[in-house]
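Coordinate analysis (summary)
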Amino acid sequence: MESSGGEAAAEWKVAVAIDGSDESLHALGWGLRNVLSSTAPNKLVLVYARPPPPFMPTTDTSESGGDRRRFHDFETDFVPHLELPDSGYLFTDEDVATMEQYSQDLEKSVLAKAQAILQPHEHVKVDTKVATGDAREVICDTVERIGADMLVMGSHGYGFVKRALLGSVSDYCVHHAKCPVLIVKRP
Amino acid sequence: MEQAGAKGSEQAQEKALKVMVAVDESEGSLYALSWGLDNLFSKASSMAEWGEAVVVHVQQPFQNYVFPAGPGTAVYATSAVMESVKKAQQKNAEALLAKIAHLCSEKHVSVRLKSMVLEGDPKEMICQAAEQVHPDLLLIGSRGLGKIKRAFLGSVSDYCAHHAKCPVLIVKPPHK
């Protein structure tokens, strides 16, 4: 294994979709324990979809300006599928700022929870991709863009409905993701 | 192995997985098996660390239907026909398992291979088998049917993704 030095093994890229729910964090932990490669260098990519805002910003009239404002911290080459809602709310700047702050705080807490799980696995390279939009499209687009070898996700997010055996986002991703999809069920 | 342990311990220690693989004669399921063998198992040195792959093949029981043989007539399947169909099914199953064993040996994977041939409705039998065997994950291929075809033809991979109690890994064949 180590005798053949200098062999550039292709990276094993695993995308893990998280939404802050316990299920997705359980899936992350399970993936870390079971599907990482022991021969190739591992790269784990956390994919988090921020829920699209239900409102239209009042002050900023230019579309592109508004988008860029939301993504100044993250990659901007990915244009999210931000469809303007048919009916939204017009809020004052203060309300908009509060909502955005809440959304950012939520994102920070979700990523922090994921970090806590990643903590014992220091040898794994971790990347984070955050985008705003519908979770289904964000996950499938991100997986295609980064060329993931596998997508790991939970079976339900927060929308846990007793009769639904598989959540809608997971179901969508199984059918539309371009790579193998691993659904980790709640034990 | 122990000298390289210093560097080896930095790498992710892959658990020796017990994987259940659902196969039928389709290309998709063989591709899924092949992918699983390539990517889910590490090159363990001692057999104690080998993973396990339980291959499940479900055959649908031959129904004693009435065959229309022309206008106004019908043919019942005689017991001779039933027997020959059963034999043919058995042969198919054996051929499939032989193909799989050959595939595994070609890849030199450190995997213990077991196989189960069951009879019944594929989707239910696979889920039942998964409950009995308790694999770490269920690996299943997908035919890549569209929404409408899925509704009519039914999808085993869909059913298993919904109903299996263990993690399910669905592998679609690459788009060509």
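Look up: the structure comes first, before these words.
Below is a summary of the structure that appears in this document. (Residues numbered from 1 in each chain as written. Chains lettered and ligands numbered in written order. Predicted model: local features only at pLDDT ≥ 70, side-chain atom pairs only at ≥ 80, totals over all residues. Heavy atoms only, no water.)

The strand order β5(A)-β2(A)-β1(A)-β6(A)-β7(A)-β7(B)-β6(B)-β1(B)-β2(B)-β5(B) describes an open sheet built from ten strands, whose pairing is mixed. Sheet topology places β5 (125–132) of chain A together with β5 (111–119) of chain B at the edges, where each strand pairs with a single neighbour. Each neighbouring strand pair of the sheet contributes to a mean axis angle of 20°, computed without reference to strand direction. With six bridges connecting them, strand β1 (residues 18–23) of chain B and strand β2 (residues 51–59) of chain B associate as parallel partners. Within β2 of chain B, the residue paired with methionine 20 of chain B across the bridge is valine 54 of chain B. Helix α4 (residues 135–146) of chain A contacts β1 (12–18), β2 (42–50), β5 and β6 (150–154) of chain A of the sheet and is inclined by roughly 150° relative to β2 of chain A. Strands in contact with helix α6 (residues 156–163) of chain B are β6 (137–141) and β7 (168–171) of chain B; relative to β6 of chain B, the strand with the most contacts, it is inclined by about 160°. (Pairing = 2+ DSSP bridges. Helix = DSSP H or I, 4+ residues; strand = E, 2+ residues; numbered from the N terminus. Axes fitted to C-alpha atoms, helices over the stretch in contact; angles between N-to-C directions. Contact = heavy atoms within 4.5 Å.)

All names here are of chain B. Counted under the stated rule, the structure contains eleven salt bridges over all chains. Across the pair aspartate 38 and lysine 107 runs a salt bridge, and its minimum N-O distance is 3.0 Å. Pair noted here: aspartate 38 is in helix α2 (residues 27–39) and lysine 107 is in helix α3 (residues 79–107), with a separation of 69 residues, a long-range link. The class of lysine 107 is partly exposed, set by a relative accessible area of 25%. When the shortest N-O distance is used, the salt bridge between glutamate 131 and lysine 165 registers 3.6 Å. Note that glutamate 131 is positioned in helix α4 (residues 122–133) and lysine 165 in the loop between α6 and β7, a separation of 34 residues in sequence. (Salt bridge = Lys/Arg side-chain N within 4 Å of Asp/Glu carboxyl O. Buried < 20%, exposed > 50% of the residue type's maximum accessible area, 1.4 Å probe, protein only.)

Another point: the interface of chain B and chain A. Quite often, the size of an interface is put as the accessible area lost when its parts meet. Across the contact, 31 residues belong to chain B and 31 residues belong to chain A. Summed over both sides, the interface of chain B with chain A buries roughly 2500 Å², with 58% coming from carbon and sulfur. At the boundary of chain B with chain A, the tally comes to eight residue pairs in polar contact (both at pLDDT 80 or more). Of all the elements in the fold, those that place two or more residues in the side of chain B that touches chain A are α2, α6 and β7 of chain B. Ranked by the residues each element gives to the side of chain B that touches chain A, the list is headed by α6 of chain B, at five residues. The class makeup of the residues in the side of chain B that touches chain A is 15 nonpolar, seven polar and nine charged. (Buried area = accessible area lost by both parts, 1.4 Å probe. Polar contact = N/O pair within 3.5 Å; in protein donor to acceptor, adjacent residues only side chain to side chain. Nonpolar A, V, L, I, M, F, W, Y, C, P; charged D, E, K, R; others polar.)

Right, let's get into the pairing of β1 of chain B. All names here are of chain B. Where burial is concerned, most of β1 is hidden: five out of the six residues are buried. Of the strand pairs in this sheet, β1 and β6 are connected by four bridges, and their pairing is parallel. Counterpart to methionine 20 in the pairing with β6 is leucine 138.

Residues of α6 of chain B that are buried include every one of Ser157, Asp158, Cys160 and Ala161 of chain B, and no others. Axial view of α6 of chain B: buried residues confined to an arc of 170°, hence all on one face. (Arc of directions from axis to C-beta.)

Residue and element names in this part refer to chain B. Relative to the elements of secondary structure, aspartate 158 occurs in helix α6. Of the residues examined, aspartate 158 reaches a relative accessible area of 15% and is grouped as buried. C-alpha of aspartate 158 to C-alpha of lysine 123: the two residues are 35 residues apart in sequence and 8.9 Å apart in space.

All names here are of chain A. In contact at an axis separation of 9 Å, α4 and helix α5 (residues 168–176) are set at 35° when each is read in the N-to-C sense. Judged by the sense of rotation from one axis to the other, the crossing of α4 with α5 is right-handed. In contact with Ala135, Arg136, Glu137, Ile139 and Cys140 of α4, α5 contributes Ser168, Val169, Tyr172, Cys173 and His176. Looking at the contact of α4 with α5, its residues break down into six nonpolar, two polar and two charged. (Left-handed = near helix turned anticlockwise from the far one by under 90°.)

All names here are of chain B. With a phi angle near 50°, histidine 134 is a residue other than glycine that sits in the positive phi range. Relative to the elements of secondary structure, histidine 134 occurs in the loop between α4 and β6. The exposed category is assigned to histidine 134, whose relative accessible area is 60%.

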